[in-house]
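# Report on the structure
In case you want the letters, here they are:
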Amino acid sequence: MRFVLATHNPGKLREMGEILKDFGIEVVSPRDLGITVDVEETGTTFAENALLKAKAICKEANLPAIADDSGLCVDALNGAPGVYSARYGGEGLDDKGRYMLLLSSLRGAPTRAAHFACAVACAFPNGDILTAEGRCDGSIAYAPLGEGGFGYDPVFRRRSPPCPTGDGR
């Protein structure tokens, strides 16, 4: 079975392909199918944006389509950058420019609490849809740390999950 992943991001395509291959699902990109539509993210939530993309690509490809939308939500910024995470600060900024702007915006903030939010939607040609949402709680560092990841990864510190035994070990 083939699914279209509504992204132009080769990293996401590779990751989703790895996740779904064990279920016998081949993941292809819109580009692989000659689809060039670029879906405008006009939703006010991550879930709305994911669903907009999944439905549009499903319609174009006549195949099941998976889309996601995610971003960083910072408590001291009233949830910003939120659904605008990839566009935070305007068109001219790259990942480093965005996270440096974020660090600047948080100078003197009373809290550095934040979370990554993600919504995933899957649309099927018969009209069925599946959606899921999740979040990863953490905080914003005072300076970039490490070289790995992308986007806001250098400044986001994930809160440690609770100990599975409940006794601190």
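Up top is the structure.
One structure accompanies this document, and this report is about it. (Residues numbered from 1 in each chain as written. Predicted model: local features only at pLDDT ≥ 70, side-chain atom pairs only at ≥ 80, totals over all residues. Heavy atoms only, no water.)

## Describing the pattern of salt bridges
On inspection of all chains with the given rule, the structure shows eight salt bridges. Between Asp95 and Arg98 there is a salt bridge; the shortest N-O distance is 2.9 Å. In this pair, Asp95 and Arg98 both sit in helix H3 (residues 95–105), three residues apart, roughly one turn of the helix. Accessibility expressed as a relative area gives 32% for Asp95, which makes it partly exposed. Taking relative accessible area as the criterion, Arg98 reaches 10% and is therefore assigned buried. Taken together, the shared-partner salt bridges connect Glu41, Lys53 and Arg87 into one network. (Salt bridge = Lys/Arg side-chain N within 4 Å of Asp/Glu carboxyl O. Helix = DSSP H or I, 4+ residues; strand = E, 2+ residues; numbered from the N terminus. Buried < 20%, exposed > 50% of the residue type's maximum accessible area, 1.4 Å probe, protein only.)

## What about helix H1 (residues 10–21)?
The end-to-end C-alpha separation of H1 is 16 Å, in line with the 16 Å expected for 12 residues at 1.5 Å each. The opening residue of H1 is Asn9, an N-cap whose side-chain oxygen sits 2.7 Å from the backbone nitrogen of Gly11. (Expected span 1.5 Å × (residues − 1). Polar contact = N/O pair within 3.5 Å; in protein donor to acceptor, adjacent residues only side chain to side chain.)

## Details of H3
Three- or four-residue spacings in an α-helix give side chains the same orientation, since the helix completes a turn every 3.6 residues. Along H3, the positions that sit buried rather than exposed are Gly97, Arg98, Tyr99, Leu102 and Leu103. Against the buried residues of H3 lie strand S3 (65–74) and strand S5 (129–140). (Contact = heavy atoms within 4.5 Å.)

## Description of the environment of Leu52
Locating Leu52 in the fold gives a position in helix H2 (residues 46–61). According to the relative accessible area criterion, Leu52 is partly exposed, its value standing at 34%. For the pair Leu52 and Val39, spaced 13 residues apart in sequence, the C-alpha separation works out to 7.4 Å. Among residues more than four places away in sequence, those in contact with Leu52 are Val39, Glu40, Thr42 and Gly43.

## Here we look at the sheet that holds S5
If you walk across this open sheet you meet the six strands as S2-S1-S3-S4-S5-S6, and the pairing is mixed. The outermost strands of the open sheet, each flanked by one partner alone, are strand S2 (26–28) and strand S6 (156–158). Sheet twist, expressed as the mean angle between neighbouring strand axes with direction ignored, is 35 degrees. Note: S3 against strand S4 (residues 113–123), 10 bridges, orientation antiparallel. By the bridge assignment for S4, Asp68 is matched with Val120. Where H1 meets the sheet, its contacts fall on strand S1 (2–5), S2 and S3, and the angle it forms with S2 comes to roughly 165 degrees. (Pairing = 2+ DSSP bridges. Axes fitted to C-alpha atoms, helices over the stretch in contact; angles between N-to-C directions.)

## Description of the environment of Pro125
When you line up the elements, Pro125 lands in the loop between S4 and S5. As a C-alpha pair, Pro125 and Leu63 span 62 residues in sequence and 6.0 Å in three-dimensional space. Non-local contacts of Pro125, meaning those with residues more than four positions away in its chain, are made with Cys58, Asn62, Leu63 and Pro64.

## Structural notes on the pairing of S4
The pairing of S4 with S5 spans 11 bridges and is antiparallel. Across the sheet, the residue bridging to Ala119 is Glu133, located in S5. Following S4, the chain reverses through five residues before pairing antiparallel with S5; Gly127 in that reversal takes a positive phi of roughly 100 degrees.

## Structural notes on the packing of aromatic side chains
Going through the model one piece at a time under the given rule, you end up with two aromatic pairs. Judged by centre distance (4.7 Å) and plane angle (75 degrees), the rings of Phe116 and Phe156 are edge-to-face. Of this pair, Phe116 sits in strand S4 while Phe156 sits in strand S6; the two residues are 40 residues apart in sequence, bridging distant segments of the chain. We classify Phe156 as buried; its relative accessible area is 8%. (Phe/Tyr/Trp six-rings, centres within 6.5 Å; stacked < 30°, edge-to-face > 60°.)

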